[in-house]
Amino acid sequence: MREINIAFIGTGIIAHQHARLYAEIPGVNVIAACDIDATKLGVFCDQYKISHRYTDYRALLQRDDIVAVDVNLHNNLHKPMSIAVMAAGKHCYCEKPMAGSYIDALAMQQAAAQYGKKLHIQLARIYDPATACAKTLMERGRLGEVYHARSYGYRRRGRPFVDGYAEKEFVNSQTAGHGALYDMGVYHISRLLYLLETPKVERISGNVYQQVPMNEARRIESAYDVEELGVGLVKFEGGLTMDILESWAINGGEFPQSSVHGSLGGIQFANERELKFFTEIEDYPANCTLDVAAEQYRKRKVDPDLWMYGNSQAHWIGILRGEVTPINTAEIALQTMLISEGIFLSGLLNREVTADEIPELCSSNATTRQETAVGVFEYV
């Protein structure tokens, strides 16, 4: 089994999840990590037994024994850091969303082509057992002609920092770019795009909102200026449509789960263990619940390669080893960014926007500056 040496840039909350997943894969070695906060870096490296520690990412990128770098920084740092990684000759894994704006994500995709490097984006929901089951049903024609999808994500009160969890950098445009659509919506929209085989976007309409009261002291401390609710409608080539409703905070009951609807059947995501399937049998409406977790467990026991579709880190390592047909997460993530950007622009301009005009209308949110509790740092 080919040994793969991985490095981390950024050692925050999500980096711990990535490190735990890498630790489950034989032959993967996390040999170096970088963070501008030396204390946080030390805690992370001690926990995962990482020997080589850097507070300057440029020194880390000079190592010639690193195959790929896992970037775990705030959204607006994704573009400059990912491009720096690929320019240094390393393959790049980047946390979601792809970047702080569509134009920044597009630059990342172009850099991957320019430097001939692999770029993978963390889109966790596409590896769920329910997603695999939905993919099988759709590929085998169980839904017939698919014409509509619904992307739903619900929290009654779940805004980072101001509602009591996570860091304040999640809720201001200087570091995050945007809010609920970037933090949660990316998972639900990208899963549907994957199932629909990334159809071409034609037009987008929508709006974003920040209306629900919050802790005022925390609002001021975090400079909260992003959306807590995003709504949209996407029209794709060929007549396919998708509606979107993504909430960090709303005065309302729980939304239905995301779904896909076709002429012969429909699916709705119930939870990680189940998928609902709706069809007709001899003209009678029929509903069933598929136990996808049990079936996926059996499949992974009898198929020695299926583990590489079990989570994003496993799939990434399979790609680096050349042992798996890659899911093009960079393209899926880029189209997810296009849809989100279209919703923001539609609300700003008070009209529907076309996919073709979005690159000209949107602005870069990329930054090389990060403020932390230990100071202000410039990535150059």
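Everything below is about the structure shown above.
Notes on the structure in this doc start here.

**A look at the pairing of strand β2 (residues 28–34)**
- Burial analysis of β2 places 6 of its 7 residues in the buried class, the great majority of the element.
- The pairing of strand β1 (residues 4–9) with β2 spans 6 bridges and is parallel. Residue pairing for β2: isoleucine 6 is matched across the bridge by valine 30.
- Handedness of the crossover joining β1 and β2 through helix α1 (residues 13–23): right-handed.

**A word on helix α10 (residues 312–321)**
- Where burial is concerned, most of α10 is hidden: 10 out of the 10 residues are buried.
- Within α10, the full set of buried residues consists of Ser312, Gln313, Ala314, His315, Trp316, Ile317, Gly318, Ile319, Leu320 and Arg321.
- Against β1, α1, β2, β4 (68–71), β5 (91–94) and β6 (119–121) lie the buried residues of α10.
- Measuring from the side-chain oxygen of the N-cap residue of α10 to the backbone nitrogen of glutamine 313 gives 3.1 Å; that N-cap residue is asparagine 311.
- Looking one or two residues beyond α10, the residue adopting positive phi is glycine 322, at roughly 70°.

**So, helix α2 (residues 38–48)**
- Buried residues of α2: Leu41, Gly42, Phe44, Cys45 and Tyr48, and no others. For α2, the angular spread of buried residues about the axis comes to 170°, placing them on one side. Those residues of α2 that are exposed and aimed more than 90 degrees away from the buried face are Thr39, Val43 and Asp46.
- Between the side-chain oxygen at the start of α2 and the backbone nitrogen of threonine 39 there is a gap of 3.1 Å, and the oxygen is on aspartate 37.
- Lysine 49 sits one or two positions beyond α2 and adopts a positive phi of about 55°.

**Quick look at the nonpolar core**
- Core analysis: the largest hydrophobic core is formed by 76 residues, its most contacted members being Ile9, Leu60, Met98, Met242 and Ile339.
- Considering every element that reaches this core, the biggest residue donor is helix α11 (residues 329–349), with 10 residues.
- When neighbours within four sequence positions are excluded, isoleucine 339 is seen to be in contact with Ile189, Leu193, Val201, Ile204, Val234, Phe236 and Ile244.
- Residues Ala19, Val28, Ala68 and Ala314 belong to the second largest nonpolar core, which totals 24 residues.

**Structural notes on the layout of surface pockets**
- What the second largest pocket holds in volume is close to 480 Å³.
- Lining the second largest pocket are 22 residues, with Ala132, Cys133, Thr136, Gln296 and Lys299 sitting closest to its centre.
- Here the lining of the second largest pocket gets 7 residues from one element, more than from any other, and that element is helix α6 (residues 129–139).
- Counted by class, the lining of the second largest pocket contains 13 nonpolar, 3 polar and 6 charged residues.

**What to know about the environment of serine 247**
- By the secondary structure assignment, serine 247 is in strand β10 (residues 241–247).
- Judged by its relative accessible area of 0%, serine 247 falls in the buried class.
- Sequence separation of serine 247 and threonine 55 is 192 residues, and the distance between their C-alpha atoms is 36 Å.
- Ignoring any residue separated from it by four or fewer positions in sequence, one finds serine 247 in contact with Gly153, Tyr154, Arg155, Ala180, Met184, Glu228, Leu229 and Phe255.

**As for the packing of helix α4 (residues 78–87) against helix α5 (residues 102–115)**
- Packing of α4 against α5 brings their axes to within 9 Å, and their N-to-C directions diverge by 0°. Viewed along their axes, α4 and α5 adopt a mutual orientation that is roughly parallel. Mapping the contact onto sequence places His78, Lys79, Ser82, Ile83, Met86 and Ala87 in α4 and Asp104, Ala107, Met108, Ala111, Ala112 and Tyr115 in α5.
- Among the residues making up the contact of α4 with α5, the classes are represented as 8 nonpolar, 2 polar and 2 charged.

**A few points about unusual backbone geometry**
- Each neighbour pair has its own omega, and for lysine 96 with proline 97 the value is -15°, a cis peptide bond.
- In this fold, proline 97 is placed in the loop between β5 and α5.
- Backbone geometry at phenylalanine 161 places phi at a positive 65°, although glycine is not the residue there.
- Here phenylalanine 161 falls in the buried class, since its relative accessible area comes to 10%.
- Positive phi, close to 50°, is recorded for glutamate 282, a residue that is not glycine.
- Mapped onto the elements, glutamate 282 comes out in the loop between β13 (274–281) and β14 (284–291).
- We classify glutamate 282 as exposed; its relative accessible area is 66%.

Criteria and thresholds
- Residues numbered from 1 in each chain as written.
- Predicted model: local features only at pLDDT ≥ 70, side-chain atom pairs only at ≥ 80, totals over all residues.
- Heavy atoms only, no water.
- Buried < 20%, exposed > 50% of the residue type's maximum accessible area, 1.4 Å probe, protein only.
- Helix = DSSP H or I, 4+ residues; strand = E, 2+ residues; numbered from the N terminus.
- Pairing = 2+ DSSP bridges.
- Right-handed = clockwise from strand over helix to strand, strands pointing away.
- Contact = heavy atoms within 4.5 Å.
- Polar contact = N/O pair within 3.5 Å; in protein donor to acceptor, adjacent residues only side chain to side chain.
- Arc of directions from axis to C-beta.
- Core = buried A, V, L, I, M, F, W, Y, C linked by side-chain atoms within 4.5 Å.
- 1 Å grid on protein atoms, 1.4 Å probe; cavity = no way out; pocket = protein on both sides within 12 Å on 5 of 7 lines; lining within 4 Å.
- Points joined across faces, edges and corners; volume = space filled by probe spheres on them.
- Nonpolar A, V, L, I, M, F, W, Y, C, P; charged D, E, K, R; others polar.
- Axes fitted to C-alpha atoms, helices over the stretch in contact; angles between N-to-C directions.
- Parallel < 35°, antiparallel > 145°, perpendicular 65-115°, else oblique.

By themselves these figures say nothing about function.
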